Amino acid sequence: MTDAPATPAPARARALSRWGGVLRDVMSRPSGAIGLTLVVFHVVLAIVSPWIVPYDYRAMDATLMLKGPSALHWLGTDHLGRDVLTRTLMGGREALLITGIATPIAVAWGGLLGIWFGLVGGRADEVLMRVVDAFLSLPWILKMLVLIVTFGTGIEVLIPTLAFFYGIPVIRIARAATHDVVARDFVSAARARGHGRITIIRKELLPNVLDALMVEGAMRWSWMLLAFSSLSFLGFGVSPPTPDWGLMIADARGFMSFAPWGVLGPVIALSSLIIGINLTADALAKALGLDRAQKAPV
Amino acid sequence: MSAPMIEVRGLSVGFTGRSGATLPVLRDIDLTVAPGESLGLVGESGSGKSTLALAAMGYLKRGLRRLEGSALYRGEDMFAKSRSELEAVRGGKLALIPQNSGQSLTPTLRIGAQLGEALRLHAGLPADRHRARVLELLGQVRLPDPEAIFDRFPHELSGGQQQRAAIAMALAGTPDALLLDEPTTGLDVTTQAHILELLREIAAERGMAMVYVSHDLGAIVRVCDRVAVMYAGEIVLQGSVRQVLKAPAHPYARGLLASIPRLSDPALPVALGGRPPAPGQAGAGCAFVDRCAIAQPRCRTEHPALTPLASGDAVRCHFPAEAQTLPIAGQGTASDDARGEAPVLTLDDLSISYSRPGLLDRLMGRAAAVPTVDDVALTVRRGETLGLVGESGSGKSTILKTVAGLLGAAGGEIRFEDTPLPGVVEQRRPDQLRRIQLVFQNPDDSLNPRQTVAEILEQPLKLYFGLSGQALLDRSTEILERVRLGAHYLDRLPGQLSGGEKQRVAIARAFAAQPDLVLCDEVTSALDVSVQAAVLDLLDELQRTQGTTYVFVSHDLAVVRALSDRVAVLYQGRLCEVGPSDKVYGLPSHPYTEVLLGAVLEPDPDVAPRLTADDVVELSPPARGCAFQRRCPRKLGAVCETDTPPWHMGAGGHAVRCHIDLADLAAAQAPAQDAVKKA
Amino acid sequence: MLRMLLRRLFLGAVTVVIVSVIIFAGVEILPGDACTAFLEREAQGKLLENCREAQGLNRPPFERYLDWAAGAIQGDFGVSANGAKSIAELVGNRLKNSLLLAACALGVGVPLAIVLGVVTGLWRDKGIDLVLSTGAIFAMTIPEFVSATVLILVFSVWLGWLPGIVLTSASAPAAEFFPEILLPVIVLSMVMTAHILRMVRSSVIEVMAGDYVQMATLKGVPYWRIVFVHALPNALLPAINVVALTVAWLLGGVVVVEVVFNYPGLGRMMIDAISDRDLPVVQAIALIVATVYVGVNLTADLLTMVLNPRLRTHYMRQR
């Protein structure tokens, strides 16, 4: 009883210290350390690559078509005589920019809608779930392509399209996570006290659903990258001459039998980024205690 | 004495902590159990009693490892056996009856198959006789209709039936030693008493050695000859049941006994302060030193050995003679407070129904289901505590949730003071919401794990009083101190608190609203008994200083008796009996109250439970007549099945709802009650 | 039980109806229609009017939706915009080919995933688990066109063991797709094996740490009997739903693999139809794939219910 009245730490500082702890936990796991390093590497590279690449990514040279690796062109040249190393280093910029903006939007709108309907329930919730089911039952590529073919492949089309379609499954995840929390007594306690829905969502639900949404966001990001590069590969993504891994692989495939170096760079770059995100998501789920298989046995 | 059946020698078990240090869970345990003898292992959660029982089978949970010592069965070390040798012994001659059989039976296998498997592994019986033997075993544990049970899946049985099936499975290999890990925890009182009687008979009949693990001394008294009391991974006291319960020589055992509420004693139990050290945190001296009333400097530096006493006990204490002076029974004050006559809460013919008829039901003209709670009329007066008792499914928590506005009522009226209370939270006025507060059973579930204690307390203070800044901080500190927690708890998360501390925070949150009525829903049933006593004491103090009215729901009749001024007994959502506690706990009683009281296990070797009714579990209340007719030992006949029984009014507001009138009930019950009065 | 079944069927049907509305409305809202697509540059004035008249595009949308939906129920999706061929016929062959590919991938992937998932779960955190679990992360994250490209490079270009491209025509009988189908099957089964493996692994770990497995151990049940009799029937139940999702994915979402290997399945037809703005075909494929998705998931739910005694009783009680 002699303790001096300690001032409680401000909520924001404490929240930051919790995420700091989670970050340390993620980095202490091999998968997290490797994954996060890969992700950070790619993000930094995407930002600085225009200043460090050896050549202009557009510079074509008819005399250098499909030449193998050399001292001047470490990864060789492509069918238009462009430097593959330069294009590989810059090939993730568009993808990272677009998915980097679309992912948070998708998680935010899907998450909030899911939490709201998870809390409120009722007829509206049942109807919403049928609509979500309906959207999920359509192949992703069809939904995206219809919009892209109609409106074009600009960034102003791709970001809303990706954010919209990838937010739909988040509704489900957020709703299920909300149901788990709503069943607990502290939500009943808040209801019985007479708090409004907004307060209950902000104070009771969001802090508890956030973990699941973070992991979900990381997974969505990797799937979105996958979708984006698949679209590029199919010729519905970035338009030439902008360098993009999916597009580069599609172009170089034709010459694979005699110039395999063309696919090597973008294949390694794209794979390492997506694997990095997945390893990070895995470690994050374990650090947050969301991985069912990792529950402590005792 | 013949060679011991089970012997544990110098056994230490531990795990590797996050820091990399080895943290012991069991420390240097020595134990022997002779053939035909039964030993009780008692202790609070975390004392290592279950770990010890499983270790006697050579089994440790994942993450735990044996540090030293051995666990012998018939002189052979279980830890030295090969996998196939272990398979031959386990479940055969050395069998386990687990806690919570509902989760210990494989959900995808029928009961018959699971028992048959045990027979095939251990009985050496020709395969064509298995079925007959399984049916015989099911009959021996007194399961009704073994043929039907044989083909059931575990989840299709009630908790008591699952436990009986697990007992039958353990008996399949005709064991000579039986380990029981909290076999009756979580069961209703009447079921628990029946299972214990069954175990007693089986033990006596077959002369098995038994190790019975429980936190409940009342259960241990029923089946054991000797008791070992465990504390922080050590045995601190060992002796005969009578000696340990009547004159224990260890301060912890005395404190534990004093903290148990007794049916025969309306006083509050005495709390045992502090909490046991976490694994690895017990210092060089006695593990109990921080909570001990007679601790000396020597106790901090010198670890006491388990020393035999003249009485035949062995005790781990430097001062066993001084320990004998500590109290072992509740000497707390009887909860007797000033209460007014003005009703705070009135329930008028309240009925609550969980199942709403769906669209399809209405189309097909199906009748509405019988309501879960029906025709409940109760009045709670200012400053009093109304205890609401009943077994699981009695609707007691449902009534609380309805009063709190979390569930809508199907019929009847709730009045708060004199104004009718709207059914659900959303329609109530802020003032009404503030004045009625609810405390939940499990603080792990009722406190948001992501909020600090400060944020938890801030919710009602901001909502009802608009406090902020320094005023909020001051008020939070004041409230915390009132529940005997300091201001340094403000920035802790619930995960950093012990069970008792969490429940105090939950109580603090309710009292932050300055309520007139606090609804307590099994608030102590998730807590250890010594912590429970502290929480009961706190609730009593808050009531005396704040003049708060309580509705206190519990399945534990002794706890209700300690705290309540008046008691209402519920069976399947129907009221059976209401009245002042001494009347309800005295004579005459409703036959259901009689059954309940008879089944209570007191931690006293001189009091035996009386089992007057079957522990049949019914799924839903009958549509007509008395709710209790199907189990009633005093059933009159057809009238009980067709007519709703009338209320008979006795002295002091005592009311019993039965077709038998009070005088006849009293006459019928007097002889049986005499046996209990003796205590 | 019957009531439960009816309810599930009803909800599934509602979902399909919503899908059909989304598909129809989506195509309506987008600029252009079958006639602008068919006529391309000449899509103006009289020519466009005549075409719209002929196709019945001037009628109110609701009426056309009912017409379309009624036709779809009878398996008549109208005629394709550019070829004037029956869509049902066009789609039929492709659907058959897609089913062939899916069946092969499932036949390889599901048993493999379950065996490996159980192995990794039982030997959790041991060498074999670390290798397989890490491998699974790689297999499920590397884009299909990347793994397909690498496999073609290795097995077709360098080693010359397997054909790297499918040349068989869409209407050829199933047998003629061998061995061309092998590489696409390998690529697809890699991805699905990884997904199912991870799910089975965590389910096995959870069950093996459960109370009834501990009880079986303490009952003296031999280890492998515990695994096969007590643990696996419980651990594998959740796999049914994951397999169902995989089936739906195999039918609708493998466009990239079909394009890479030039495989004449539904996916490639869909992408061609979108590029050509052949909207009636797009609508037909979308509806078929969505219906399969709903149907497969419904089947999985019902199967789980039949195999899980706990759920079974739960629904019996509800009646």
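This structure is a prediction, so every number in the text was calculated from the model and none was measured.

Draft legend 1. How the structure looks around the domain arrangement of chain C. When its domains are assigned, chain C resolves into domain 1 (2–72) and domain 2 (90–276). Centre-to-centre, using C-alpha coordinates, domain 1 of chain C lies 35 Å away from domain 2 of chain C.

Draft legend 2. Representation of a nonpolar patch on the surface within the structure. Residues and elements named next belong to chain A. A surface patch of nonpolar side chains, amounting to about 680 Å² of accessible area, comprises Val40, Val43, Val44, Ile47, Val48, Trp51 and Ile52. With respect to the helices and strands, Val43 occurs in helix H2 (residues 30–52). Here Val43 falls in the partly exposed class, since its relative accessible area comes to 33%.

Draft legend 3. Highlighting the packing of helix H7 (residues 159–171) of chain B against helix H8 (residues 189–206) of chain B. Residues and elements named next belong to chain B. Relative orientation of the contacting elements H7 and H8 amounts to 15°, with a least axis distance of 10 Å. Accordingly, the angle class assigned to the pair H7 and H8 is roughly parallel. Considering only the axes of H7 and H8, their crossing is right-handed. Across from Gly160, Gln163, Arg164, Ile167 and Leu171 in H7, the residues of H8 making contact are Thr191, His194, Ile195, Leu198, Leu199, Ile202 and Arg206. Classifying every residue of the contact of H7 with H8 by side-chain character gives six nonpolar, four polar and two charged.

Draft legend 4. Up close: the interface of chain A and chain C. Listed per partner, the contact involves 42 residues of chain A and 47 residues of chain C. Each partner contributes to the roughly 4000 Å² buried at the junction of chain A and chain C, and carbon and sulfur atoms together form 76% of this total. Viewed at the interface, chain C and chain A are joined by one salt bridge. A salt bridge links C:Arg198 to A:Asp282; its shortest N-O distance comes to 2.9 Å. For the pair chain A and chain C, the number of links is two residue pairs in polar contact (both at pLDDT 80 or more). Counting only elements with at least two residues in the side of chain A that touches chain C, the list comes to helix H5 (122–137), helix H6 (140–151), helix H9 (197–234), helix H10 (245–253) and helix H11 (261–287) of chain A.

Draft legend 5. Main features of the packing of aromatic side chains. In total, this model carries 20 aromatic pairs over all chains according to the counting rule given. Ring centres 5.2 Å apart and planes at 90° place the aromatic pair B:Tyr231 and B:Phe288 in the edge-to-face group. With a gap of 57 residues between them, B:Tyr231 in strand E9 (residues 226–231) and B:Phe288 in the loop between helix H11 (251–258) and helix H12 (297–301) connect regions that are remote in the sequence. Within the aromatic cluster, the residues linked to one another by ring pairs are A:Trp109, A:Phe135, A:Phe164 and A:Phe165. Above the plane of the ring of B:Phe319 lies B:Arg298, whose end atom (NZ or CZ) is 5.7 Å from the centre. Of note, B:Arg492 hangs over the ring of B:Tyr489, and the distance from its end group to the ring centre comes to 4.6 Å.

Draft legend 6. Structural detail: the sheet that holds strand E19 (residues 517–521) of chain B. Residue and element names in this part refer to chain B. One open sheet accounts for eight strands, arranged E18-E19-E20-E15-E21-E22-E24-E23; its pairing is mixed. Looking along the sheet, the strands with just one partner apiece sit at the ends: strand E18 (436–439) and strand E23 (647–649). Direction aside, the axes of adjacent strands within the sheet are offset by 20° on average. Packed on one face of the sheet, helix H21 (residues 529–546) meets strand E15 (385–389), E19 and strand E20 (549–554) and runs near 160° to E20.

Analysis parameters
- Residues numbered from 1 in each chain as written.
- Chains lettered and ligands numbered in written order.
- Predicted model: local features only at pLDDT ≥ 70, side-chain atom pairs only at ≥ 80, totals over all residues.
- Heavy atoms only, no water.
- Domains from an automatic or database assignment.
- Patch = residues over 30% accessible without salt bridge, like charges linked within 9 Å, V, L, I, M, F, W, Y side chains within 5 Å.
- Areas by Shrake-Rupley, 256 points an atom, 1.4 Å probe, with all protein chains shown as cover.
- Salt bridge = Lys/Arg side-chain N within 4 Å of Asp/Glu carboxyl O.
- Helix = DSSP H or I, 4+ residues; strand = E, 2+ residues; numbered from the N terminus.
- Buried < 20%, exposed > 50% of the residue type's maximum accessible area, 1.4 Å probe, protein only.
- Axes fitted to C-alpha atoms, helices over the stretch in contact; angles between N-to-C directions.
- Parallel < 35°, antiparallel > 145°, perpendicular 65-115°, else oblique.
- Left-handed = near helix turned anticlockwise from the far one by under 90°.
- Contact = heavy atoms within 4.5 Å.
- Nonpolar A, V, L, I, M, F, W, Y, C, P; charged D, E, K, R; others polar.
- Buried area = accessible area lost by both parts, 1.4 Å probe.
- Polar contact = N/O pair within 3.5 Å; in protein donor to acceptor, adjacent residues only side chain to side chain.
- Phe/Tyr/Trp six-rings, centres within 6.5 Å; stacked < 30°, edge-to-face > 60°.
- Lys NZ or Arg CZ within 6 Å of the ring centre and 35° of its normal.
- Pairing = 2+ DSSP bridges.

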